[in-house]
Amino acid sequence: MQVNREQIFVGVDGGGTKCRARLFSSADLVLGTGLGGPANPYHGKEQAQASILRAVEMAMADAGLNAGIEDLIVGAGLAGVNLPSVFQSMSEWKHPFKKMYLTTDLHIACLGAHLSDEGAVLVAGTGSCGYSYVNGKALMVGGHGFPCGDQGSGAWMGLAAVRAVLLAHDGLGMQTSLSDYIERHLGAGGEMIVDKLGAAKSNDFAEFAQFVFEAAEHGDEIATHILREGAEYLSDVADKLWQTNPGRMSLIGGLSERIMPWLKTSVTAHLSKPISQPEFGAVYFAKQRYSLES
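Quick summary incoming for the structure in this document. Counting starts from 1 at the beginning of each chain's written sequence and moves along it residue by residue. Given that the model is predicted, a residue must reach a pLDDT of at least 70 before its local features are reported, and side-chain atom pairs must reach 80 or more before they are shown or counted; all residues, however, enter totals for whole chains, interfaces and linings. Heavy atoms throughout the structure, all of them, feed into the side-chain values; hydrogens and water do not.

## Regarding the sheet that holds strand 9 (residues 249-252)
In step 1: An order of 8-7-6-9 is seen for the four strands of this open sheet, with the pairing classed as mixed. Looking along the sheet, the strands with just one partner apiece sit at the ends: strand 8 (137-142) and strand 9. On average, each strand axis in the sheet is tilted by 15° relative to the strand beside it, whichever way the strands run.
In step 2: Pairing geometry for strand 6 (residues 119-124) and strand 7 (residues 128-134), over six bridges, is antiparallel. Bridging from a neighbouring strand, Val 123 pairs with Cys 129 of strand 7.
In step 3: Residue contacts are counted whenever heavy atoms from the two residues lie within 4.5 Å of one another. The convention used is that axes are lines fitted to C-alpha atoms, helices contributing only their stretch in contact, and that angles between N-to-C directions extend from 0 to 180 degrees. Numbering goes from the N terminus for both helices and strands, where a helix is a DSSP run of H or I of at least four residues and a strand is a run of E of at least two. Sheet contacts for helix 3 (residues 105-114): strand 6, strand 7, strand 8 and strand 9; angle to strand 6, the most-contacted strand, approximately 115°. Strand pairing is assigned whenever DSSP identifies at least 2 bridges connecting the two strands.

## Brief notes about the packing of aromatic side chains
In step 1: Pairs were defined over the aromatic rings of Phe, Tyr and Trp, the Trp ring being its six-membered one, requiring ring centres within 6.5 Å. Orientation was assigned from the angle between planes: stacked under 30 degrees, edge-to-face over 60, tilted for the rest. In this structure the tally under the stated criterion is seven aromatic pairs.
In step 2: With centroids separated by 6.1 Å and ring planes inclined at 85°, the aromatic side chains of Trp 93 and Phe 97 adopt a geometry described as edge-to-face. Each of the two residues, Trp 93 as well as Phe 97, counts as buried.
In step 3: On the basis of an interplanar angle of 45° and a centroid distance of 5.5 Å, the ring pair of Phe 146 and Phe 205 is categorised as tilted. Taken together, the residues span a long stretch of sequence, with Phe 146 in the loop between strand 8 and helix 4 (154-169) and Phe 205 in helix 7 (residues 202-206) at a distance of 59 residues.
In step 4: Residue burial is assigned from relative accessible area. The probe radius is 1.4 Å, only protein chains are included, and a residue is buried under 20% of its type maximum, exposed over 50%, and partly exposed in between. Note on Phe 146: relative accessible area 23%, which makes it partly exposed.
In step 5: Every member of this aromatic cluster is reached through a ring pair, and the members are Phe 146, Tyr 181, Phe 205, Phe 208 and Phe 211.
In step 6: Whether a charge sits over a ring comes down to the Lys NZ or Arg CZ being within 6 Å of the ring centre and within 35 degrees of the ring normal. For Lys 287, the ring lying beneath its charged end belongs to Phe 9, and the centroid distance is 5.2 Å.

## Describing the side chain of His 114
In step 1: Within the fold, His 114 resides in helix 3.
In step 2: The definition of a polar contact used here is a pair of N or O atoms within 3.5 Å, where within protein one atom must be able to donate a hydrogen and the other to accept one, and adjacent residues in sequence count solely through side-chain atom pairs. Among the polar contacts made by the side chain of His 114, one reaches the side chain of Arg 248 at a distance of 2.9 Å.
In step 3: In this structure His 114 touches Gly 119, Ala 120, Val 121, Arg 248, Met 249, Ser 250 and Ile 275, once residues within four positions along its chain are discounted.

Structural data, given as C-alpha cells:
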C-alpha cells in the first residue's frame, strides 16, 4: 500500500492495562489496528512510550504499510496526562512520528462518542468517572482511582463483594451467594481469600463484577445492594454533567450495557449511543490540531 499520496493518521487510546492504535486514511477509513501494553505514563513514562510504539508498529503491519513511521500524524489520548506534570513529561518525548498531539483518554472518548467538540461521557468500566467538554472547558467528576474512589466501577463492585463475603464468613454479615462465586473463582475461602488477593490490583477485583450482576439477577440481597449503590452514584454523576449543558451524553466502558438497567430512568432516557470509538476521537483531535498549525 502506497501512502505518499495521502496523509495517514493514527488514533491511540492508551490506558493502564493496554494501548490500542488504529490507522486511518485521510478519508477516515480504518487501515489497520494494533495493540500494545500499558500506556499510562503516570505509572511509567518509558513503558507508555514503548507501548505506543508497539501498538503503532502492529497497526502498520496490519495495514501492510510500506511507509516509515516518520510519515504518521498521531493523536494520542492517554490516562494520567490530566496531571500537568505527566502531560509536560510526555510532551517532551522525542517521538519518531511526523506529529503527535496529546490529550487525555477521556477527551478522545468524548470526541469519538459524539464526533463533536462538545458532549459528555459517563464511564463505567474497571474504573468510573464522568467527563464533559463544553465551550472549551473540561469537567471531570470522580475518577479518583481505586480504591479511593471509582464508585460504580467493576473494581469497586469486586472489592465490595469480597468485603461482604468476608463479613459473612465471620458471621457478622448477611449470607450471600457471592461467597460461592468468589470462592469457586479463587479456589479459596475464608481468610485464604485475603491471602489470594494480597497483591491484587483494580483489574483483578473488576473480574468479580460479573458475579455481582449474576447474583443480583438471581435475587441476592447483598449483590443487589451493591449494584443499587453503584448505580445511584453513577446517576448522580450524570446529573452533575448535565448541568454543563453538553447537549449529548453517552454511557461507555465495559460495564455500560449491564449497569444501564440499574441507572435512574431520568438518566437513561437522555443517553445517546456512542457514534464511534476513542481511537477515532484521537484522530478527530489530531486533524483539528494539524489543521490549525497548517
